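So the chains spell out like this:
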Amino acid sequence: MNTTIAEEYGGLGLSLLEACIIQEEIGFGCTGIATALGGNSLAESPVIIAGSHELKKKYLGRMTEELLVAAYGVTEPSAGSDVASTRTSSRKVGDDYVINGSKMWITNCGHANWFFVFTRSDPDPKCPAAKAFTAFVVDADSPGVTVGRKEWNMGQRASDTRGVTFDEVVVPAANVVGEAGGGFKVAMKCFDKTRPTVGAMSLGLARRALDEATKYSMERKTMGKQIFKHQAVLFMLSEMAMRYELAKLAVWRSCADYDEGRRNTYYASIGKLYGAIAANKNASDSVQVFGGNGYNKEYPVEKLMRDAKIFQIYEGTDQIQKLIIGREHMTKYL
């Protein structure tokens, strides 16, 4: 956890590529655990990118001093991919802000020490997104913060996912992340850093599926020979390997661009999208290689298939990634 926090605030100060290599390895073991650990980096990213020195010292510093987790509060019941439709509000009252609203599907929600919270600070629907939202760090023990029950999801059940409600929660102006009204820009900048890490987790699952299928194909025999010696199975393994390697190239390219200070939006979305495709298809093919055993909980691959699906949904759906990729592509010609 906390791999990209600067050494100045007690962190390791690792590059994004280094952080993604770690995330892939954890994802190889369990993407639910990887998501729980990665939830810290997700919440910390906007503070790292846009927070003041004082905010970083206070909230990033504590994350490296003791075992704590933080949560990223952007998604709402009616605002997932459409971040601009956020309804959670904030209003200025004296030197403070007051937050009202609710968030949903928040990783680490039940154990968070603090939340990054994205709010609408200008109620005028005509106000452009670039000026309408303000982001905050909110202490989890603030009066008015109520955490919901743990959601029982299809997969990644090791990750604590819940809803949280903010009822007249008072937050000091010092806890604004970036500038008041500039929250949308902060959130968009974060995606360039966080989507590669999600892509890296999906790489771990894609590789795990390939690994399990390969080992099983060497143990299982049909028609008197190991099943990998049947061309149909060998072709499946080769396609699984190809998807993993190609997805890794895209994720690593996005990391390299980010670490070198280049805009990486295009490759961040490609890596996130193709990583999700590789994870889901490899998990499905792994179940197929296992045959009937793959459909049984006594074997590991049914869990991989359940865990993989969320990669096509969280941190921007596959469809959102395709929109971004298409728009980025067209800017080269327009």
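Keep in mind that this is a model prediction, so the values were computed, not measured.

What follows concerns the pairing of strand β1 (residues 69-73). Summarising burial for β1: five of the five residues are buried, a large majority. Of the two faces of β1, the one carrying Val69, Ala71 and Gly73 and the one carrying Ala70 and Tyr72 are both buried.

What follows concerns helix α8 (residues 301-308). Within α8, six of the eight residues are buried, leaving the element largely enclosed by the surrounding structure. Within α8, burial applies to Val301, Glu302, Leu304, Arg306, Asp307 and Ala308. Those residues of α8 hidden inside the fold are in contact with α2 (31-50), α5 (183-219) and α7 (265-290).

A separate point is the layout of surface pockets. Put simply, the second largest pocket is a space of about 180 Å³. Contributing to the lining of the second largest pocket are Ile49, Ala50, Ala130, Lys131, Gly178, Glu179, Ala180, Gly181, Gly182, Lys185, Val186 and Lys189. Elements that contribute at least two residues to the lining of the second largest pocket include exactly α2, α4 (129-132) and α5. The element best represented in the lining of the second largest pocket is α5, accounting for three residues.

Here we take up the side chain of Arg306. You can see Arg306 is positioned in helix α8. In this structure Arg306 comes out as buried when scored by relative accessible area, which is 19%. Filtering out sequence-adjacent residues up to four positions away, Arg306 remains in contact with Met154, Gly155, Arg157 and Lys297.

The next thing to look at is the nonpolar core. Membership of the largest hydrophobic core comes to 27 residues, with the highest contact counts inside it found for Tyr72, Trp114, Phe116, Phe118, Val137 and Val177. The set of elements that each furnish at least two residues to this core consists of α2, α3 (53-65), β1, β4 (112-120), β5 (133-139) and α5. Membership of the second largest hydrophobic core comes to 24 residues, among which are Ala34, Tyr216, Met236 and Val301.

Here the focus is the environment of Val164. Assignment of secondary structure puts Val164 in strand β7 (residues 161-172). Taking the C-alpha atoms as reference, Val164 lies 5.6 Å from Ser102; in sequence the two are 62 residues apart. Not counting residues within four places of it along the chain, the set of residues in contact with Val164 comprises Gly101, Ser102, Lys103, Ile106, Cys109, Phe115, Val145, Thr146 and Val147.

Remark: α2 packs on α5, axes separated minimally by 9 Å, with the N-to-C direction vectors making an angle of 160°. One element, α2, and the other, α5, form an angle in the roughly antiparallel class. The handedness of the crossing between α2 and α5 is right-handed. When α2 is examined against α5, the residues Thr31, Ala34, Thr35, Leu42, Ser45, Pro46, Ile48, Ile49 and Ala50 are found in contact with a partner set consisting of Val186, Lys189, Cys190, Lys193, Thr194, Met201 and Leu205. Residues that form the contact of α2 with α5 fall into these classes: 10 nonpolar, four polar and two charged.

Quick look at the packing of aromatic side chains now. The final tally for this structure, using the stated rule, is 11 aromatic pairs. On the numbers, 5.7 Å between centres and 75° between planes, the contact of Phe311 with Tyr314 is edge-to-face. The exposure classification of Phe311 matches that of Tyr314, with both residues buried. Connected via pairs of aromatic rings, a cluster forms that spans Phe118, Phe133 and Phe184. Taking the ring centre of Tyr266 as reference, the NZ or CZ of Lys332 above it sits at 4.1 Å.

Further remarks concern a nonpolar patch on the surface. Together, Met242, Leu246 and Leu249 make up an exposed nonpolar region whose accessible area comes to about 300 Å². Turning to its location among the elements, Met242 is positioned in helix α6 (residues 231-259). Residue Met242 is classed as partly exposed on the basis of its relative accessible area, which comes to 46%.

Right, let's get into helix α1 (residues 16-29). Here α1 contains 14 residues, and its C-alpha end-to-end distance of 20 Å stays within 8% of the 20 Å for a straight helix at 1.5 Å per residue. Listed as buried for α1 are Leu16, Ala19, Cys20, Gln23, Glu24 and Gly27. Seen along its axis, α1 keeps its buried residues to an arc of 140°; they face one direction. Looking at the buried residues of α1, the elements they touch are α2, α5 and α6.

Calculation criteria
- Residues numbered from 1 in each chain as written.
- Predicted model: local features only at pLDDT ≥ 70, side-chain atom pairs only at ≥ 80, totals over all residues.
- Heavy atoms only, no water.
- Buried < 20%, exposed > 50% of the residue type's maximum accessible area, 1.4 Å probe, protein only.
- Helix = DSSP H or I, 4+ residues; strand = E, 2+ residues; numbered from the N terminus.
- Contact = heavy atoms within 4.5 Å.
- 1 Å grid on protein atoms, 1.4 Å probe; cavity = no way out; pocket = protein on both sides within 12 Å on 5 of 7 lines; lining within 4 Å.
- Points joined across faces, edges and corners; volume = space filled by probe spheres on them.
- Core = buried A, V, L, I, M, F, W, Y, C linked by side-chain atoms within 4.5 Å.
- Axes fitted to C-alpha atoms, helices over the stretch in contact; angles between N-to-C directions.
- Parallel < 35°, antiparallel > 145°, perpendicular 65-115°, else oblique.
- Left-handed = near helix turned anticlockwise from the far one by under 90°.
- Nonpolar A, V, L, I, M, F, W, Y, C, P; charged D, E, K, R; others polar.
- Phe/Tyr/Trp six-rings, centres within 6.5 Å; stacked < 30°, edge-to-face > 60°.
- Lys NZ or Arg CZ within 6 Å of the ring centre and 35° of its normal.
- Patch = residues over 30% accessible without salt bridge, like charges linked within 9 Å, V, L, I, M, F, W, Y side chains within 5 Å.
- Areas by Shrake-Rupley, 256 points an atom, 1.4 Å probe, with all protein chains shown as cover.
- Salt bridge = Lys/Arg side-chain N within 4 Å of Asp/Glu carboxyl O.
- Expected span 1.5 Å × (residues − 1).
- Arc of directions from axis to C-beta.

Nothing here speaks to function; it is geometry throughout.
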